[in-house]
Amino acid sequence: MTVESTAPRTPRRSAGSKAGSTGTKKTAGTGAAAAEATGTRRGTRTTRTAAKKDTGTADPQLVQLLTPEGERVENAEYDAYVAGITPEELRGLYRDMVLTRRFDAEATALQRQGELGLWASLLGQEAAQIGSGRATREDDYVFPTYREHGVAWCRGVDPTNLLGMFRGVNNGGWDPNGNNFQLYTIVIGSQTLHATGYAMGVAKDGADSAVIAYFGDGASSQGDVAESFTFSAVYNAPVVFFCQNNQWAISEPTEKQTRVPLYQRAQGYGFPGVRVDGNDVLACLAVTKWALERARSGEGPTLVEAYTYRMGAHTTSDDPTRYRHDDERAAWEAKDPILRLRRYLEASNHADEGFFAELESESEALGKRVREAVRAMPDPDRFAIFENVYADGHALVDEERAQFAAYQASFADAEGV
């Protein structure tokens, strides 16, 4: 059970009462993480796993609306946030996940072929990203890490624009203010501070938009994240911290980073935390909607822990076979987020074979477009690194530019000899 602070708060603006926004926040009735792979019983899921030896506390339950078998699970607290979802919208969520996975697979292949210097795959995390991304409003602002390809898709960023940085031809590839989607952040955890500061500004402006910051379980150990929690709580900032717990911080397992479930850390800072099944796109959509509504209503920050799994390597420079077993991945493949929603669509007669066939064709067309776009990217301007360092120019930068120009010219002289 997650506990919200009982300390008095001063809301940013008046708002009506919202379900689950005040008092103690419960996450019961949704099934335990260890048991959810095989559980199929409808209604309230109350199974808990054995107590951990190192803490003496039971593993937490997590919010789940779709079982791995594609069966709908009722949840009194979160059903309202997806109650009006239409079959068309469900198909849209499925399409988002399929196309995001196809783009991700193409980017991985391009790196293996030498077209990209590096790639960070999201394989297995599609539901966490698409569910949370579709929960945002156009005027919300997103601060990603370097793996939020699905969230970028939801925010309208062309997937080919994500590849320039990994090819080494630009430092981002898109205007962050055009989609309210900040550039990728390589420094682990620093974007949570950026998000918190931005959210504090939003509050001072009196806007009712929200901010969402993405980070991983590894980043949760960074001091930047702890500082973000402190400032957001004290200033009641309208920010949602969305942690994708994919079980591995490169080669370090989560249990070697924390002795309590990650979402419970929020309790110590005085704001709610909730663990959601990160392979359940409906649950991620519902929980993130709830958290964003809290933020917009002046009720402060929320920590969402999306309990999921990185089925691929940390990046293409990583070899996960050196630190984890195949049976672990196989267990999580049984909870595949795309297969889960497909089963639900088929069982509910919300999609037919024509839909899946058309989507397959669209997926292949996307892969082809990505390949062609990457190979057509022009080489960067060698002197662009000196631009925009200072607003009004600087003598030292001018000197460095001249030195670099002379260095480049020396190659041309050698070629002419």
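Residues numbered from 1 in each chain as written. Predicted model: local features only at pLDDT ≥ 70, side-chain atom pairs only at ≥ 80, totals over all residues. Heavy atoms only, no water.

Some thoughts on the packing of helix α6 (residues 190-205) against helix α7 (residues 223-234)
Look at α6 against α7: their axes get within 7 Å of each other, and the N-to-C directions meet at 15°. Here α7 runs roughly parallel to α6, going by the angle between their axes. In this structure, α6 meets α7 at a crossing whose hand is left-handed. Together, Ser190, Thr192, Leu193, Thr196 and Met200 of α6 and Asp224, Val225, Glu227, Ser228, Phe231 and Ser232 of α7 make up the contact between the two elements. The class makeup of the residues in the contact of α6 with α7 is four nonpolar, five polar and two charged. (Axes fitted to C-alpha atoms, helices over the stretch in contact; angles between N-to-C directions. Helix = DSSP H or I, 4+ residues; strand = E, 2+ residues; numbered from the N terminus. Parallel < 35°, antiparallel > 145°, perpendicular 65-115°, else oblique. Left-handed = near helix turned anticlockwise from the far one by under 90°. Contact = heavy atoms within 4.5 Å. Nonpolar A, V, L, I, M, F, W, Y, C, P; charged D, E, K, R; others polar.)

As for the packing of aromatic side chains
On inspection of all chains with the given rule, the structure shows 28 aromatic pairs. With 6.4 Å between their ring centres and 35° between their planes, tyrosine 269 and phenylalanine 271 make a pair best called tilted. By relative accessible area, which is 30% here, tyrosine 269 ends up partly exposed. Looking at lysine 335, its charged tip hangs above the ring of tryptophan 332, at a distance of 3.8 Å from the centre. Directly above the aromatic system of phenylalanine 356 lies the positively charged group of arginine 342, at a separation of 3.7 Å from the ring centroid. (Phe/Tyr/Trp six-rings, centres within 6.5 Å; stacked < 30°, edge-to-face > 60°. Buried < 20%, exposed > 50% of the residue type's maximum accessible area, 1.4 Å probe, protein only. Lys NZ or Arg CZ within 6 Å of the ring centre and 35° of its normal.)

Overview of the nonpolar core
One finds Tyr94, Leu163 and Leu341 to be the most contacted residues of the largest nonpolar core, which totals 68 residues. Take this core: its biggest share by element is 11 residues, from helix α9 (residues 281-296). Ignoring anything within four residues of it in the chain, the contact list for leucine 163 reads Phe103, Ala107, Leu116, Trp119, Val370, Val374 and Met377. Phe143, Ala195, Val225 and Leu262 belong to the second largest nonpolar core, which has 21 residues in total. (Core = buried A, V, L, I, M, F, W, Y, C linked by side-chain atoms within 4.5 Å.)

Some thoughts on the environment of proline 272
By secondary structure assignment, the location of proline 272 is in the loop between α8 (265-269) and β6 (273-277). Between the C-alpha atom of proline 272 and that of glycine 300, which follows or precedes it by 28 residues, the distance is 9.2 Å.

Regarding the side chain of serine 121
Looking at where serine 121 falls in the secondary structure, it is placed in the loop between α1 (87-112) and α2 (126-135). Residue classification places serine 121 among the buried residues on the basis of a relative accessible area of 11%. From its side chain, serine 121 meets the backbone nitrogen of leucine 123 in a polar contact 3.1 Å long. Beyond its immediate stretch of four places on either side in the chain, serine 121 contacts Asp104, Thr108, Arg147 and His314. (Polar contact = N/O pair within 3.5 Å; in protein donor to acceptor, adjacent residues only side chain to side chain.)

A few points about the packing of α1 against α2
Helix-helix packing is described using two parameters, namely the angle between the two axes and the distance between the axes. Two numbers describe how α1 lies on α2: the axes approach to 10 Å, and their chain directions differ by 130°. Judged by the inter-axis angle, α1 sits oblique to α2. You can see that α1 and α2 cross each other, and the crossing is right-handed. For the pair α1 and α2, contact is made by Leu93, Asp96, Met97, Thr100 and Arg101 and by Glu126, Ala127, Ile130 and Arg134, respectively.

Things to note about the pairing of strand β7 (residues 302-307)
Among the six residues in β7, six count as buried, and that is most of the element. Burial along β7 is two-sided: the face carrying Thr302, Val304 and Ala306 and the face carrying Leu303, Glu305 and Tyr307 are both buried. By the bridge criterion, six bridges tie strand β3 (residues 239-245) to β7 in an arrangement that is parallel. Paired with phenylalanine 241 across the bridge in β7 is leucine 303. As paired strands, β6 and β7 are joined by five bridges and run parallel to one another. Bridged to aspartate 277 within β7 is tyrosine 307. (Pairing = 2+ DSSP bridges.)

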